Amino acid sequence: MRFRHPDGSTVHLAYCTNVHPAETLDGVLAQLRDHCEPVRKKLGRDRIGIGLWLAKDAARALVTDPAALRGLRTELDRRGLEVVTLNGFPYEGFGAEQVKYRVYKPDWTDPERLGHTTELARLLAALLPDDVTEGTISTLPLAWRTPFDIPRAEAARTALTVLAQRLDALTELTGRSIRIGLEPEPGCTVETTADAIAPLTAVGHDRIGVCVDTCHLATSFEDPQTALDALTAAGVPVVKSQLSAALHAEHPHLPAVREALAAFDEPRFLHQTRTLTGAGLRGTDDLGEALATDVLPDTAPWRAHFHVPLHAAPAAPLTSTLPVLQDVLTRLVGGPAPLTRHLEVETYTWQALPPALRPRGRPQLAEGIAAELSLARDLLTDLGLKELP
């Protein structure tokens, strides 16, 4: 979906296909048919954007077979789908029964991450619509919170510098500009937008910036205005933003609240949980750990990294951080010029919701995703953007 900003530029809205994880090219083609096109039809649009997730094997198949890449581009066009952004964070196995810490491997100290992201950039340059010259890719924020000593930090910086050089060369070759955004996430080396400033300033290239995920920002209790002003002051570009909402518990000491939270403690993904105390941010790696121990103080609100549907906040006594998303969006695209032009709804946890809230089949999932996109569309038009055909 495209929108005209009051300054005349085009802002793109997509939804991320990591909600339909597929490891192979055949799986990607099937998800376009079975999921993405039905979402477009639910919206009554001739064309919608998707933030494509290409796992390692699917990406390699496309890189090594130009005919397959042309076929994917043709299939996107035929089904009324366009791609201006990729989710390059998960490398493989995102549809596994247990993802947890595996999603952070390989990290930016591993040559595999550089190679995979380079391949994604080449693919995106070929998949961009004919009238679009800029694409974006989100990637993991350097590494999970492991001992990140000077050699590891230097290896990651070198990899990102090499990537920036390759992106420059790709632009010279294709005329398409591809930019990469580190996606700050709780528990990672770069947990907050503030954490991103130093390593990105060290790289010092405008093709490497930040992907602001509004669930992650909210989980870490970042103030949107402060966070985005700091990035602007440091000259760090917001490459893209993922529109998502975290799980919020206002009174985690209450038994009813803990019981409600326990329904979201599931085995597939990590749900890092945070609270803001007078001494600073405190947290656990997973929601179950917070509920089962007294590690996390319960005298102030908790937030958990669980991407809940934008249009459907959890039932009381829980809620979501949708207001944080709205504040971020206002700052990103509500001003005289957009800070980013690529927005991506990223609720990948539909099948990880408590059983009573999960979609019962493909039609219900398509309805839910369409409802999220409709909400995002309304937020954008309320900010003065005009939806384009």
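Keep in mind that this is a model prediction, so the values were computed, not measured.

Attention now moves to the overall build of the chain. Counting its regular elements, the chain contains 12 helices and 15 strands. Compactness check: the chain gives a C-alpha radius of gyration of 20 Å against a globular reference of 21 Å for 389 residues, within 12% of the reference. In terms of overall dimensions, the chain has a C-alpha envelope of 55 × 50 × 45 Å along the principal axes. The buried share of the chain, reckoned over its 389 residues, is 59%. A fraction of 79% describes how many contacts in the chain between residues 6 or more apart in sequence connect residues 24 or more apart. Accessible area for the chain stands at about 15000 Å²; split by element, carbon and sulfur atoms hold 53% of it.

A few words on the pattern of salt bridges. For the structure shown, the criterion picks out 30 salt bridges. Among the salt bridges present, the one from Arg-362 reaches Asp-34, with a minimum N-O distance of 3.6 Å. Here Asp-34 lies in helix H1 (residues 25–43) and Arg-362 lies in helix H12 (residues 362–382), a separation of 328 residues in the sequence. Here the salt bridges do not stand alone but share partners, grouping Glu-37, Arg-40, Lys-41, Glu-75, Arg-78 and Arg-79 into one network.

A separate point is the sheet that holds strand E13 (residues 318–320). Spatial strand order, E11-E10-E12-E9-E13: five strands in an open sheet with antiparallel pairing. Strands at the two margins of the open sheet, each flanked by one partner only, are strand E11 (280–284) and E13. The sheet shows a mean angle of 30 degrees between the axes of neighbouring strands, direction not considered. As defined by bridge partners, strand E9 (residues 245–249) adjoins E13 across three bridges and the pair is classed as antiparallel. If you follow Ala-249 over to E13, its bridge partner there is Leu-318.

For helix H5 (residues 150–174), which comprises 25 residues, the first-to-last C-alpha distance of 36 Å matches the rise-based estimate of 36 Å (1.5 Å per residue) to within 8%. Its buried side turned inward, H5 meets helix H4 (111–127), strand E6 (177–182), helix H6 (193–203) and strand E7 (208–213). Where H5 begins, the side chain of Asp-149 points an oxygen toward the backbone nitrogen of Arg-152, at a separation of 3.0 Å.

With the rule as written, the count across this model stands at eight aromatic pairs. When the ring of Phe-94 is compared with that of Phe-269, the centres are 5.3 Å apart and the planes differ by 45 degrees; the resulting orientation is tilted. In this pair, Phe-94 sits in the loop between strand E4 (81–87) and H4 while Phe-269 sits in the loop between helix H9 (255–262) and strand E10 (273–277), placing the two residues 175 residues apart along the sequence. For the pair Phe-94 and Phe-269, a shared accessibility class is recorded, and that class is buried.

Next up on the list: the environment of Thr-219. Along the polypeptide, Thr-219 turns up in helix H7 (residues 214–219). For Thr-219, a relative accessible area of 0% gives the class buried. Sequence spacing of Thr-219 and Gly-283 is 64 residues, and the spatial spacing of their C-alpha atoms is 9.8 Å. With near-sequence residues (within four places) excluded, Thr-219 lies in contact with Pro-186, Ala-246, Gln-272, Arg-274, Arg-303, Ala-304 and His-305.

With that out of the way, let us pick up empty space enclosed by the protein. The full count for this structure, using the stated rule, is four cavities of 30 Å³ or more. The volume enclosed by the largest cavity comes to roughly 170 Å³. What lines the largest cavity is a set of 19 residues, among which Phe-94, Val-103, Glu-185, His-305 and Tyr-348 lie closest to the centre. Across the lining of the largest cavity, the residue classes tally to nine nonpolar, five polar and five charged.

What follows concerns the packing of helix H2 (residues 56–64) against H4. Axis separation between H2 and H4 bottoms out at 10 Å; the angle between their running directions is 55 degrees. On the basis of their axis angle, the class for H2 and H4 is oblique. Crossing angle aside, the handedness with which H2 passes H4 is left-handed. Contacts from Lys-56, Ala-59, Arg-60, Leu-62 and Val-63 of H2 reach H4 at His-116, Glu-119, Leu-120, Arg-122 and Leu-123. When the residues that make up the contact of H2 with H4 are grouped by side-chain class, the tally is five nonpolar, one polar and four charged.

So, how was this worked out
- Residues numbered from 1 in each chain as written.
- Predicted model: local features only at pLDDT ≥ 70, side-chain atom pairs only at ≥ 80, totals over all residues.
- Heavy atoms only, no water.
- Helix = DSSP H or I, 4+ residues; strand = E, 2+ residues; numbered from the N terminus.
- Rg over C-alpha atoms; globule rule 2.2 N^0.38 Å.
- Buried < 20%, exposed > 50% of the residue type's maximum accessible area, 1.4 Å probe, protein only.
- Contact = heavy atoms within 4.5 Å.
- Areas by Shrake-Rupley, 256 points an atom, 1.4 Å probe, with all protein chains shown as cover.
- Salt bridge = Lys/Arg side-chain N within 4 Å of Asp/Glu carboxyl O.
- Pairing = 2+ DSSP bridges.
- Axes fitted to C-alpha atoms, helices over the stretch in contact; angles between N-to-C directions.
- Expected span 1.5 Å × (residues − 1).
- Polar contact = N/O pair within 3.5 Å; in protein donor to acceptor, adjacent residues only side chain to side chain.
- Phe/Tyr/Trp six-rings, centres within 6.5 Å; stacked < 30°, edge-to-face > 60°.
- 1 Å grid on protein atoms, 1.4 Å probe; cavity = no way out; pocket = protein on both sides within 12 Å on 5 of 7 lines; lining within 4 Å.
- Points joined across faces, edges and corners; volume = space filled by probe spheres on them.
- Nonpolar A, V, L, I, M, F, W, Y, C, P; charged D, E, K, R; others polar.
- Parallel < 35°, antiparallel > 145°, perpendicular 65-115°, else oblique.
- Left-handed = near helix turned anticlockwise from the far one by under 90°.

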